[in-house]
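# What the coordinates show
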Amino acid sequence: MTTTHADPPAATAPSRPRVTRVLLVVVLALHAALAVLQPIFAGSYLSGSIDAMTVHGISGSLVTVVCLAQLVVAALFWRPGRGPAWPLLATVALFLAEGVQLGVGYTRTLAIHLPLGVAIVGCTVAMFIWSLAWRPAAPEVRP
């Protein structure tokens, strides 16, 4: 009686990035770019461009809309995409912070608006950098 042994599975090449990860990177890039533009618009206003405050207000609302899209994509990245949950939790915190940021911006409460803006810009840029550096673990090859 002859017994045949199946060859062990060959090591698989790294798979292409999942769609949810690519979407998350794109949304994070847009979110970070819009967040970085906010202090530039505010600085233009302080330099004398009155119209820059209107642009700052409109783009501030756009930052929050993009964060809402990021919330949806981060949820898809976590559950069906099998990614880590922390981008979703961080996005929820960012969305809440940006809601507060809009409110204190329109009431001109600068003692909160300025440091919160710095934190928002820092978090969005850090999340974008993470999205570029993060690589999913390779599938484990078992004999």
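Cut-offs and rules
- Each residue is numbered by its place in its chain's sequence as written, counting from 1.
- Local features in a predicted model are, by the rule used here, given only for residues with pLDDT of at least 70; side-chain atom pairs are given and counted only at 80 or more, and totals for whole chains, interfaces and linings are based on all residues.
- The basis for every side-chain value is the complete set of non-hydrogen atoms in the structure, without hydrogens or water.
- Strands are runs of DSSP state E lasting at least two residues, helices are runs of H or I lasting at least four, and both sets are numbered from the N terminus onward.
- Any pair of residues with heavy atoms lying within 4.5 Å of one another is described as a contacting pair.
- A pair of Phe, Tyr and Trp rings is counted when the ring centres sit within 6.5 Å of each other, with Trp represented by its six-membered ring. The angle between the planes then sorts it: under 30 degrees is stacked, over 60 is edge-to-face, the rest tilted.
- For every residue, the accessible area obtained with a 1.4 Å probe (protein chains only) is divided by the maximum for its type, and the residue is called buried under 20%, exposed over 50%, and partly exposed between those limits.
- Remark: a charge is flagged as sitting over a ring if the NZ atom of Lys or the CZ atom of Arg is within 6 Å of the ring centre and within 35 degrees of the ring normal.
- We define the nonpolar core as a collection of buried residues of types Ala, Val, Leu, Ile, Met, Phe, Trp, Tyr and Cys that are connected through side-chain atoms lying within 4.5 Å of one another.
- In this analysis, a patch consists of residues with relative accessible area above 30% that form no salt bridge, clustered at 9 Å for like charges and at 5 Å for the nonpolar side chains Val, Leu, Ile, Met, Phe, Trp and Tyr.
- Accessibility throughout is a Shrake-Rupley quantity obtained with a 1.4 Å probe, and a residue counts as covered only by protein chains that appear here.
- Here, a salt bridge means any side-chain nitrogen of Lys or Arg that lies within 4 Å of a carboxyl oxygen of Asp or Glu.
- Every angle, taken between N-to-C directions, lies between 0 and 180 degrees, and every axis is a line fitted to C-alpha atoms, over only the stretch in contact when it is a helix.
- An angle below 35 degrees is treated as roughly parallel, one above 145 as roughly antiparallel, one from 65 to 115 as roughly perpendicular, and anything else as oblique.
- Put simply, a crossing is left-handed when the front helix is turned counterclockwise from the back one by less than a right angle, and right-handed when it is turned clockwise.

Another aspect to go through is the side chain of Gln-70. Tracing the chain through its elements places Gln-70 in helix H2 (residues 51-78). Not counting residues within four places of it along the chain, the set of residues in contact with Gln-70 comprises Leu-24, Val-27, Leu-28, His-31, Thr-91, Leu-94 and Met-127.

For the coordinates displayed, the defined rule picks out four aromatic pairs. Considering the side-chain rings of Phe-77 and Trp-134, the 5.4 Å spacing of their centres and the 80 degrees angle between planes classify their relative orientation as edge-to-face. Remark: Trp-134 occurs in the segment after helix H4 (110-133) and Phe-77 occurs in helix H2; sequence separation between them is 57 residues. Like Trp-134, Phe-77 is buried. Ring centres 4.7 Å apart and planes at 70 degrees place the aromatic pair Trp-86 and Trp-130 in the edge-to-face group. In this pair, Trp-86 is assigned in helix H3 (residues 86-106) and Trp-130 in helix H4, connecting sequence segments 44 residues apart. Looking at Trp-130, the relative accessible area reads 17%, which means it is buried. Clustering of aromatic rings is evident, with ring pairs tying together Phe-77, Trp-86, Trp-130 and Trp-134. Note that Arg-79 overlies the ring of Trp-78, its terminal NZ or CZ placed 4.4 Å from the centroid.

This part is about the nonpolar core. Counting residues in each nonpolar core, the largest one holds 18 residues, and the members touching the most others are Leu-24, Phe-77, Leu-94, Ile-120 and Trp-130. Elements with a contribution of two residues or more to this core: helix H1 (19-46), H2, H3 and H4. With six residues, H2 is the largest single contributor of residues to this core. The contact partners of Leu-24, leaving out residues within four places of it in the chain, are Gln-70, Val-73, Ala-74, Phe-77, Pro-87 and Trp-130.

Here the focus is a nonpolar patch on the surface. Taken together, Val-36, Leu-37 and Ile-40 make up a surface patch of nonpolar side chains, about 220 Å² in accessible area. Considering the arrangement of structural elements, one finds Val-36 in helix H1.

This next bit is on the packing of H2 against H3. Look at H2 against H3: their axes get within 9 Å of each other, and the N-to-C directions meet at 165 degrees. As summarised for this structure, H2 and H3 are arranged roughly antiparallel, according to the angle between their axes. For the pair H2 and H3, the sense of crossing is left-handed.

With respect to the helices and strands, the residue Leu-71 is situated in helix H2. Once the C-alpha coordinates of Leu-71 and Leu-89 are considered, the two residues, 18 residues apart in sequence, prove to be 8.8 Å apart.

Take it as geometry only, folks, not as evidence of what the structure does.
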